[in-house]
Amino acid sequence: MKKLLSILATLVALTSLGTTALSAATPTDRSVKVIVMPDHLDWNYKCGEKPVFKVLVLKHHSPMQNVEITYNLSEDNMPAHKSEKVILKSGEGKIQLGTMKVPGFLRCAVTVKDGDFTYTGLATAGFEVEKIKPTVENPADFAEFWAKALAESAKIPMEPKITPAPEHSTGTYTAYYVQYQTYKNKVYFHGLMTVPTKAGKHPAILRVPGAGVRSLSPMTELPLDKFVVLQVGIHGIPVNLPKEAYRNLSRGALYNYNRFNIQDPDEYYYKRVYIGCARAIDFLAELDYVDAERIAVCGHSQGGALSFVTTYLNPKVKYYYAHYPALADLTGYLNGRGGGWPHLWRGENDKNIDKAAALKTIPYYDVVNFARRVKVPGVMACGYNDTTCCPTSMFSVYNVVTAPKELALYNEIGHWLYVEQEYARSKWFQEKLK
């Protein structure tokens, strides 16, 4: 144990110096660190095995003495089924988790109070995760539903507008604001596009957005001198408004937009969104400086979901890279296990939604049913500690993909990513789209 303590202290010190300096996406470093680790290096177990979690509490990189911890055990995002307080005399200890009899995830979350602050660490054991199956229904007329929606959209002219955005341009790429019509009733998508200054036809990447309402800036984690990169907003509003405008919309007119008209499959909010993302690929393919044979899509969370959706809806997509996809296995909570963001019917949530009507809509929009139909290679990146898009829901997606696929797994990450993951995505796209 002394050797383990020494190694962990060194690793924590290196991590604190490295990752926070490299990427703002990683959690902020703090003086007290709660480290929780499964006793299997890959965090994976067979059903019936009993993991032991090791706990280490550090302050200023040294073990805290006689520290009280509270640990909670739960099956992924479900309520804790065990909670207990323990004193760690030398800042370290072990917790027996119990086990799972069916494929899934068992999570140990440890909290420590020090002064006015509370610190939390967690780790999640996976049980035969490759056998996790979705709970959501797979409609027999899924393909027909979306073929009809695409056909209706195709009758509507895109009316594209491309306007210079000099404030975002550099010597290696030129930026533009983009607008195009996506769906009925004069609905538009707005976006920000960067184009390499070097002449010629370039590969293109569509970046679809995570949840929320926000402005856009160039996606500098990709080599913008090599790719045309189009980022889109999904709410039909310009992407260069003052921050206050987006804040007001997210708290007002667009609050809980992910539930708008969920009782009607033809009027659900995401129908316009999904069609708009598919049309973004058509927009790119028609540009003189885009090689229509080299188009890919990527995104995080909601954007991870939209990556699968766009790949299925538009065959011009040749590759996708989906980070921790949301909107996955949305019926999970109705089946006694974690469901994907936006966590429909979690606890007392959504008791006012007509469940019977919503359950007729959800299967046409659940990412599981798009993922099972994709036909091109792609990557899904995720972690076991994600409590926003829980791993049970994400593996429900990954396990149904039959096309060539890769899993970029960083067990310890939650709903964020390391700069190393951004680098890996960039490298993967450069190799595939060369």
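Just so we're clear, the structure is a prediction, and the values are computed from it rather than from any experiment.

Describe unusual backbone geometry, naming the residues involved and giving the relevant values.
Across the junction of Trp-341 and Pro-342, the peptide omega takes the value 15 degrees, indicating a cis bond. Tracing the sequence through the fold places Pro-342 in the loop between strand 16 (319-323) and helix 6 (355-361). For Tyr-324, which is not glycine, the phi dihedral falls at a positive 25 degrees. Within the secondary structure, Tyr-324 sits in the loop between strand 16 and helix 6.

Can you tell me about the sheet that holds strand 10 (residues 161-164), naming the residues and giving the values?
Spatial ordering of the open sheet is given by 10-11-12-14-13-15-16-17-18, a layout of nine strands whose pairing is mixed. If you trace the sheet from one side to the other, it starts and ends with strand 10 and strand 18 (405-409), each paired once. Pairs of neighbouring strands in the sheet enclose a mean axial angle of 20 degrees, with direction left out of account. Examined bridge by bridge, strand 15 (residues 290-300) and strand 16 share five bridges and lie parallel to one another. Its bridge partner being in strand 16, Gly-299 is matched across the sheet by Ala-322.

Hey, could you go over the pattern of salt bridges for me, with residue numbers and the actual values?
In total, this model carries 15 salt bridges according to the counting rule given. In this structure, Arg-107 and Asp-76 form a salt bridge, with 2.9 Å as the shortest nitrogen-oxygen distance. Of this pair, Arg-107 sits in strand 8 (residues 104-114) while Asp-76 sits in the loop between strand 5 (67-75) and strand 6 (82-88), and the two are 31 residues apart along the sequence. Pair check on accessibility: Arg-107 and Asp-76 agree, each one buried.

Could you give an account of the confidence of the model for the chain, with specific residues and numbers?
When pLDDT is averaged along the chain, the result is 93, and 94% of the positions lie at 70 or above. Across residues 1-24, confidence stays below pLDDT 50; counting only partners more than four residues off in sequence or on other chains, it has 29 contacts.

Got a sec to walk through the packing of aromatic side chains? Specific residues and values, please.
Two descriptors summarise a pair of aromatic rings, namely the distance from one centre to the other and the angle between the planes of the rings. Taken as a whole and assessed by the stated rule, the structure comprises 34 aromatic pairs. Note on Phe-117 and Tyr-119: the rings are 6.5 Å apart at their centroids and 40 degrees apart in plane angle, and the pair reads as tilted. Centre to centre, the rings of Tyr-384 and Phe-395 are 6.1 Å apart; their planes meet at 70 degrees, and the pair counts as edge-to-face. A residue pair is termed long-range when its members are at least 10 positions apart, and Tyr-384 in the loop between strand 17 (378-382) and helix 8 (391-398) and Phe-395 in helix 8 qualify at 11 residues.

Explain the pairing of strand 5 residue by residue, including any values.
In summary, the side chains of a regular strand alternate between the two faces of the sheet. Both strand 5 and strand 6 contribute to a ladder of seven bridges, which runs antiparallel. Note on strand 6: the bridge partner recorded for Leu-73 is Lys-82. Pairing between strand 5 and strand 8: seven bridges, direction antiparallel. Note on strand 8: the bridge partner recorded for Asn-72 is Ala-109.

Explain the nonpolar core residue by residue, including any values.
The tendency in soluble globular proteins is for nonpolar side chains to be buried side by side. Core analysis: the biggest nonpolar cluster contains 109 residues, and Trp-146, Tyr-274 and Leu-284 have the highest contact counts within it. Top element by residues in this core is helix 4 (residues 269-285). It accounts for 12 residues. Apart from residues no more than four positions distant in its own chain, Trp-146 is found in contact with Lys-271, Tyr-274, Ile-275, Leu-313, Tyr-364, Tyr-365 and Phe-370. If you look at the next biggest cluster of nonpolar residues, it comprises 17 residues, including Met-219, Leu-222, Val-229 and Ala-408.

If you had to explain the sheet that holds strand 2 (residues 44-45) to someone new, which residues and values would you point to?
Here we have five strands laid out as an open sheet, ordered 2-9-8-5-6, and mixed in their pairing. Sheet topology places strand 2 and strand 6 at the edges, where each strand pairs with a single neighbour. As paired strands, strand 2 and strand 9 (residues 117-127) are joined by two bridges and run parallel to one another. Bridge pairing in strand 9 places Tyr-45 opposite Phe-127.

Just give me the short version of the side chain of His-190, but keep the residues and values in it.
Within the secondary structure layout, His-190 lies in strand 12 (residues 187-196). Residue His-190 is classed as buried on the basis of its relative accessible area, which comes to 13%. For His-190, the residues in contact, after removing those within four places along its chain, are Val-178, Gln-179, Gln-231, Val-232, Gly-233, Gly-236, Ile-237, Pro-238 and Val-239.

Quick rundown of the pairing of strand 11 (residues 173-183)? Include the residues and the values.
Most of strand 11 sits inside the fold, with nine of its 11 residues counted as buried. Of the strand pairs in this sheet, strand 10 and strand 11 are connected by four bridges, and their pairing is antiparallel. Bridge pairing in strand 11 places Thr-163 opposite Tyr-177. In sequence, strand 11 turns back onto strand 12 through a hairpin of three residues, with Asn-185 there showing a positive phi of about 65 degrees.

Thresholds, definitions, all that
- Residues numbered from 1 in each chain as written.
- Predicted model: local features only at pLDDT ≥ 70, side-chain atom pairs only at ≥ 80, totals over all residues.
- Heavy atoms only, no water.
- Helix = DSSP H or I, 4+ residues; strand = E, 2+ residues; numbered from the N terminus.
- Pairing = 2+ DSSP bridges.
- Axes fitted to C-alpha atoms, helices over the stretch in contact; angles between N-to-C directions.
- Salt bridge = Lys/Arg side-chain N within 4 Å of Asp/Glu carboxyl O.
- Buried < 20%, exposed > 50% of the residue type's maximum accessible area, 1.4 Å probe, protein only.
- pLDDT = per-residue confidence, 0-100.
- Contact = heavy atoms within 4.5 Å.
- Phe/Tyr/Trp six-rings, centres within 6.5 Å; stacked < 30°, edge-to-face > 60°.
- Core = buried A, V, L, I, M, F, W, Y, C linked by side-chain atoms within 4.5 Å.

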